[in-house]
Amino acid sequence: MRLAAALVALLLATPAAAEDELYRYRAGEQTRWITPENPTGAKGAGARENKGAKGHAFDTIAVRATHVLADIRGAGTIDRLWMTIEDRSPEALRGLKLEMYWDGAARPAVSVPLGDFFLHGAGEMVAMDTALMSSPEGRSFVSTIPMPFRSGARITVANESLKPVNLIFYDVDYRALAAQPADALYFHAWWSRERATTLGRDFRILPRIAGRGRFLGASVTVLTNPVYEKTWWGEGEVKIALDGDRADAPTIVGTGAEDYIGTAWGQGAYINRFQGAPIATWDGEGRWTFYRWHVPDPIWFHRDIAVSLQQIGGARKAIVLGLQNKGAPLAPVTIDPGSRTNFQKLLESGKPLSDPALPDGHTNYYRSDDVAAVAYFYLDRPGGVLPPIAPAAERMAAIRKAPDKK
């Protein structure tokens, strides 16, 4: 059960447990690094080119080619994944596809655009350091999510962008083990996008999946629809249906998008260990990426789970009325005069926003934006359980570039 204890120590991150893991000897664990200088990670097999003097530090991936980063046989746990690429454009971040296969499964447990997986979903890399992902200077990708496997692991990067990847540097750091404990779960990650969310329907961060496991967190990218001008898009609540919950009666319901990641009254750019928003900007058009790691507050499921985000924005009533009169697709939801007194539930009352008897106040409304998300979770089976992600052309369509920095 040592691996299970190690996972608990890392994910729960209690000081005593973390310190304990630093000095306890592990006779049954063998440390291995897979890099272009040792592509198999085998003992004594590194630095074989150019007489050991940096002979093969990087690889190249042609257009439409797939490069195998790691192909491991036997049991083990990947502790760290690092890589960098020369072209870090929005097209590359969305066009490169990262996939991971456990125990010989036919379908990948992880299938995500490279940038989105590492919290760079808005097409721009920034320096960050979180509990499970980092990019020290905004030029590299680092994951320290523990990824156990029992009989093998295969990690690939497919170049589905329109340009060759001339330089990809990487290392896959793992421990070879005799066996995994019975309760070790498999890491999964899945990406989805709706370029125009359906009015009144929640965006599905994680469609309902069956099994036992842990929801580790999510990264969400929102490209705002310009028809709503610069009104706030993030009033929608995160909802998590657990173990047989009806979709309309989930157990876990938050209070707003920025509330979900620990902030309030809007969402600026910030990066914390377990929550943050690396990108939060109105530079021409709105671009936002935010994340939440459920490490100190684990979310377990024992039968099934589904995670969604309501598509609701908000502004003063006169502004929302103005947008409505301009033909923006929206449906008023509530009016908040500033307290629960006279709070208006418009979906229940059926009153139109133009009703002169309604009070003034902050008005929430259903809206439609371009939303994408990565769901990170552990599951009791190695193979993928969700549909294939969208083709590269759809992933790269309508992505927004950051303005040139002068």
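Provided above is the structure to which this section pertains.
Residues numbered from 1 in each chain as written. Predicted model: local features only at pLDDT ≥ 70, side-chain atom pairs only at ≥ 80, totals over all residues. Heavy atoms only, no water.

S.K.: Describe the sheet that holds strand β25 (residues 344–345), and please don't skip the residues or the numbers.
M.R.: Within a sheet, each strand pairs with its neighbour through backbone hydrogen bonds, oriented either parallel or antiparallel. Taken in spatial order, the four strands of this open sheet run β23-β26-β24-β25, and their pairing is antiparallel. The open sheet has two edge strands with one neighbour each: β23 (312–316) and β25. Relative to β25, strand β24 (residues 331–336) runs antiparallel, the two sharing two bridges. Each residue of the ladder has a partner; that of Ile335, found in β25, is Gln344. Set on the sheet, helix α6 (residues 317–325) makes contact with β23, β24 and β26 (362–366); between it and β23 the angle comes to about 115°. (Pairing = 2+ DSSP bridges. Helix = DSSP H or I, 4+ residues; strand = E, 2+ residues; numbered from the N terminus. Contact = heavy atoms within 4.5 Å. Axes fitted to C-alpha atoms, helices over the stretch in contact; angles between N-to-C directions.)

S.K.: Describe the packing of aromatic side chains, and please don't skip the residues or the numbers.
M.R.: Scanning the model with the defined rule gives 16 aromatic pairs in all. Considering the side-chain rings of Phe149 and Tyr174, the 6.5 Å spacing of their centres and the 50° angle between planes classify their relative orientation as tilted. Of the two residues, Phe149 is situated in strand β10 (residues 147–149) and Tyr174 in strand β12 (residues 165–177); the sequence distance between them amounts to 25 residues. Overall, the relative accessible area of 0% leaves Phe149 in the buried class. Residue Tyr174 is classed as buried on the basis of its relative accessible area of 8%. Through successive ring pairs, a cluster of aromatic residues spans Phe117, Phe118, Phe141, Phe187, Tyr291, Trp293, Tyr376 and Tyr378. Across the ring face of Trp300, the terminal group of Arg214 is positioned such that the distance to the ring centre comes to 5.3 Å. Taking the ring centre of Phe343 as reference, the NZ or CZ of Arg340 above it sits at 4.3 Å. (Phe/Tyr/Trp six-rings, centres within 6.5 Å; stacked < 30°, edge-to-face > 60°. Buried < 20%, exposed > 50% of the residue type's maximum accessible area, 1.4 Å probe, protein only. Lys NZ or Arg CZ within 6 Å of the ring centre and 35° of its normal.)

S.K.: Give a description of the nonpolar core that names residues and reports values.
M.R.: Ranked by internal contacts, the top residues of the largest apolar core, which has 86 residues, are Phe117, Phe215 and Tyr376. The element contributing the most residues to this core is strand β27 (residues 370–379), with nine residues. Excluding its chain neighbours within four sequence positions, the residues that come into contact with Phe117 are Leu98, Met100, Val110, Val112, Met133, Ser143, Met147, Phe187, Ala189, Val374 and Tyr376. Leu323, Ile335, Leu346 and Tyr365 belong to the second-largest nonpolar core, a separate cluster that totals eleven residues. (Core = buried A, V, L, I, M, F, W, Y, C linked by side-chain atoms within 4.5 Å.)

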